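Overview (structure and organization)
In case you want the letters, here they are:
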Amino acid sequence: MNIRSYVAIACMALSSSVLCLPMASHAQAKVFRIVPQADLKFTDPIVSSNYVTRNFAMLVYDTLFARDAGGVPRPQMVDKFRYFDGGKQWSFTLRSGLQFHDGTPVTAADVVASLERWQAQDNYGRAMIAAGAQWRANDKTTFSLSMKEPFGQVLEALSKNTSLPAVIMPERLIKAAGNGAVTEVVGSGPYKFKRDEWVPGSKVVFVRNAQYVGRSEPASALAGNRAGTIDRIEWVILPDSNSAMAALKNSEVDMIEQIPPDYINPLRSDTSIKVGTTGASQGALVLNTLYPPFNNEKVRQALLHAVDQAKFTTAMGYPADLRMKYCPTFFICGAPGETAAGAEPYRGADLAKARQLLAESGYKGEKVVMMLPSDYPSINGSGLVAIQTMKDIGLKVEVQSMDWPTLVSRRTKKDKPEAGGWSAYTTLVAAQATDSPLSNFVLGAACGNTQPGWPCDKKLDELRLEWTRQTDAAKRKSALDNFQRQAYQSVLYLPLGQFSGAFAVRKTVKNIERQVGDVPMLWALDK
Amino acid sequence: MTYFLKRLLSTLPVMIVVALIVFMLIHLSPGDPAALIAGDSASAEDIARLRAQLGVDKPLWEQFVLWSGNLLHGNLGSSIFTQIPVSKLLAQRLEPTLSIALLTMALTLLFAVPLGTVAAYRAGSWVDRLIMLFAVLAFSVPVFLVGYLLIYGLAIKAQWFPTQGFVSLSEGLWPWLRSVTLPCINLALVYIALITRMTRATVIEVLSEDYIRTARAKGLGVMPVLLHALRNAAIPIVTTVGVGLSLLIGGVVVTETVFAIPGVGRLVVDAVQRHDYPVIQSVLLLSAGVYVLINLLIDLSYRFFDPRIRY
């Protein structure tokens, strides 16, 4: 045999092995492919407040309580619970059969370790600590919470579905991580994370947790039976929107979690695709309250008088049916925290009033350093309108264009605006990050916080505390109204209008009516 | 061999300078990985704590010493974000990148060299003009536009290929080929245009040499004459092919983004956007290494085409 024969045999062997290799073993399994809103950067939901990490957490972890489609907290990992002593003492019992993905049972010790870690990071958690919250594991399955002061938001806190959800992790991993991030992903949720198949920037894979014991109640948003029917979920990272749309049209992916505003109407006209809404969001103008001119309450009020919300939401690019002309609340229209208290003076833009207030404020022509992200079309649009609005009332504006990651980094700088700091930027906030005096990304932060903008109003701090203490619904509503009245007085940030984002899904996907809000509820879907 | 070793050693100072420049550039550019990890709701306090945990709050010189020390031990470090070792991230990206680079170059050579040679042989004719028109068009139309047109025509309408994604060769030859065909065509068009023009220019020059005239006068046919000319025109063509291959291995971000190919290019861009320092540093350093190595191989290959060259 000469060398050519050897080469020929080798080539045949290689080609036949390649051609005859069986397709991946999951070929027969039900696979659901979704384009997530962003690439998964970090897996610890208590360290990263990015929504994509929260969505990841909702698949692999479970929570003690979960919000149903009406936003009401329902028991999830908890079987029974009761409270007494005016809401200062609570006791909980875990459901039987709960186990982590490594096969170990979920115990009360895991719960206490998880909640103590979560409390230190989260606004709700910190408020609970301030109210004297102490968790204690009584035995393997029961644990208790004791508070020094009444706290009317315990279930809301434990069921929160925005950033930093109170997920339950194994105690051993929390202890091993110390003050750092938990890098090993062992949850007890309906799907297991396949770390060995994770290709950052390209693919994140989950497989169904066959050991998951679902609740007997039917699935309702994040509550009820969360046992999945899809065998394998793949997050396909497609940073280019055109490519994502093409993949959806070609049935290569089943769903796009968030579609850019300019693609919404074209996709609505495609008969094979359904477009749904992802829940409400709020546009916001964040102000640096440390330095002139926005350290002056009257300047902030003046600017709010000039805001025409319809102009902002139009500039964000969403179709008319997905945006509101005006929303008077800081806490999301249509949500339980909706109130118009204190909003009346600001209904409709009043430039004359705004200019008058600015003149009364003693504004000396200090420069407003406006950070404008160039790579985020919706935020860029609202930013441009904000710049024009400021100029219209006589503020001197210097626009500094940058990409979003640079903005995120720079907004933490406490320097003066003229020395590398900043004065203002626009952003978009999901409903859950603004819908109450505790969850609101600006108003939820007490004085002494290190939130971008460094908002501080001691009256708001007192009113927030007052609101958290109320366990009676009517009194809580009254406390909320008082809180918002003061929020409209101090104007620590400017709400720029409310809109809804949209997702797109192929019509072959079943149960899509169960998708509520902005967390992709993939355990409830089928195909 | 001595020449090869000498050249290999001479790349060391280049790599050290590259390492230093890359390190300084990415650390001095604005941005903070801790702020990106912490997310929109994080406070400055949360971010500062995370910065300390990640070790990015240390002085620059300390970070450089730590990184280069690990590098000397063959440890490229781990991604700040995913905690996955950089070597693993690179290994994940190598198959798509090499698949596309090699297939693109194969397609390029298959079409560009014959087209360029024909254009040179028929210089000034309508065939030459037609080939040059194609070359100008392929070179001028933006890569992303061609990519979208290919997706629309061959993936969405004709349904011959997937619109995005990469399938490993281990899942079968046909699925792999289907997944890389469109990106390869997309990229090859540019390289075909470039190398066609390069081939045409150098072959025209060689065809006017005295020895070609002599060969023709001796009655040699068209093909032997062209092959003879091609070998003598090969050096600039091989140089361009080598540079092209280095660029393809270093990553072709636009094509990788349009077709969602998890290649080295997107790994770098994602890392730059996130300020994932260990990934950027290591990948750029390795890309520079590949570039230097391919150039060295090109230099060595000159002897094959022209035995008069001595090192």
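How each quantity is defined
- Residues numbered from 1 in each chain as written.
- Chains lettered and ligands numbered in written order.
- Predicted model: local features only at pLDDT ≥ 70, side-chain atom pairs only at ≥ 80, totals over all residues.
- Helix = DSSP H or I, 4+ residues; strand = E, 2+ residues; numbered from the N terminus.
- Rg over C-alpha atoms; globule rule 2.2 N^0.38 Å.
- Buried ≥ 20, exposed ≤ 12 C-beta atoms within 10 Å, placed from the backbone.
- Contact = placed C-beta atoms within 7 Å.
- Pairing = 2+ DSSP bridges.
- Axes fitted to C-alpha atoms, helices over the stretch in contact; angles between N-to-C directions.
- Nonpolar A, V, L, I, M, F, W, Y, C, P; charged D, E, K, R; others polar.
- Parallel < 35°, antiparallel > 145°, perpendicular 65-115°, else oblique.
- Left-handed = near helix turned anticlockwise from the far one by under 90°.
- pLDDT = per-residue confidence, 0-100.

So, the overall build of chain A
- Secondary structure summary: chain A contains 15 helices and 16 strands in total.
- Whereas a compact globule of 527 residues would reach a radius of gyration of roughly 24 Å, chain A reaches 25 Å, a difference of no more than 12%.
- By principal-axis analysis of the C-alpha atoms, chain A measures approximately 95 × 60 × 45 Å.
- Burial analysis of chain A (527 residues in total) assigns 50% to the buried set.
- Taking all contacts inside chain A whose residues are at least 6 apart in sequence as the whole, residues at least 24 apart take part in 70%.

A word on the environment of Gly178 of chain A
- In this structure, Gly178 of chain A sits in the loop between helix H6 (171–177) and strand E8 (191–193).
- A C-alpha to C-alpha distance of 50 Å links Gly178 of chain A and Leu358 of chain A, two positions 180 residues apart in sequence.

Quick notes on the pairing of strand E15 (residues 424–430) of chain A
Residue and element names in this part refer to chain A.
- Judged by how many residues are buried, E15 sits mostly within the fold: six of seven residues are covered.
- Alignment of strand E13 (residues 367–373) against E15, held across two bridges, turns out to be parallel. Bridged to Met371 within E15 is Tyr425.

Points about the sheet that holds strand E5 (residues 89–94) of chain A
Residues and elements named next belong to chain A.
- Strand order in the open sheet made by the four strands is E4-E5-E7-E6, with antiparallel pairing throughout. Looking at which strands have only one partner, the edges of the open sheet turn out to be strand E4 (78–84) and strand E6 (134–137). With strand direction ignored, the average angle separating the axes of adjacent strands in the sheet is 15°.
- Across six bridges, the pairing between E4 and E5 is antiparallel. Each residue of the ladder has a partner; that of Arg82, found in E5, is Ser91.
- Sheet contacts for helix H3 (residues 108–121): E5, E6 and strand E7 (142–146); angle to E6, the most-contacted strand, approximately 160°.

Some details on the interface of chain A and chain B
- In this assembly, 43 residues from chain A lie in contact with 47 residues from chain B.
- When contributions to the side of chain A that touches chain B are tallied by element, the ones reaching two or more residues are helix H1 (3–20), helix H7 (241–249) and helix H13 (404–410) of chain A.
- Class assignment for the residues of the side of chain A that touches chain B results in 18 nonpolar, 19 polar and six charged.

Some remarks on the environment of Ile129 of chain A
- With respect to the helices and strands, the residue Ile129 of chain A is situated in helix H4 (residues 123–130).
- Taking C-alpha positions, Ile129 of chain A is 43 Å from Val509 of chain A, a pair spaced 380 residues apart along the chain.

With respect to the environment of Arg506 of chain A
Residue and element names in this part refer to chain A.
- Within the secondary structure, Arg506 is located in strand E16 (residues 493–506).
- Measuring from C-alpha to C-alpha, the distance between Arg506 and Ala246 comes to 12 Å, with 260 residues separating the pair along the chain.
- Other than its neighbours up to four places away in sequence, Arg506 contacts Leu248, Ser251, Asp254, Ser272 and Ile273.

Some points on the packing of helix H6 (residues 126–140) of chain B against helix H8 (residues 173–207) of chain B
Residues and elements named next belong to chain B.
- Two elements in contact, H6 and H8, have axes separated by 8 Å at closest approach and are oriented at 135°. It follows from the interaxial angle that H6 and H8 lie oblique. The hand of the H6/H8 crossing is left-handed. Together, Ile131, Ala135, Ala138 and Phe139 of H6 and Leu189, Val190, Ile192, Ala193, Leu194, Thr196 and Arg197 of H8 make up the contact between the two elements.

Points about the packing of helix H10 (residues 309–316) of chain A against helix H12 (residues 377–393) of chain A
All names here are of chain A.
- Contact geometry of H10 with H12 gives a least axis separation of 7 Å together with a crossing angle of 145°. Of the two possible hands of crossing, H10 and H12 adopt the one that is right-handed. Residue-level contacts link Lys311, Phe312, Ala315 and Met316 of H10 to Ser378, Gly381, Ser382, Leu384 and Val385 of H12.
- For the contact of H10 with H12, the per-class residue count stands at five nonpolar, three polar and one charged.

Quick notes on the confidence of the model for chain B
- Mean pLDDT over chain B: 87, with 99% of residues reaching 70 or higher.
- Overall fold confidence (pTM) sits at 0.83, and the ipTM for the predicted complex is 0.76.

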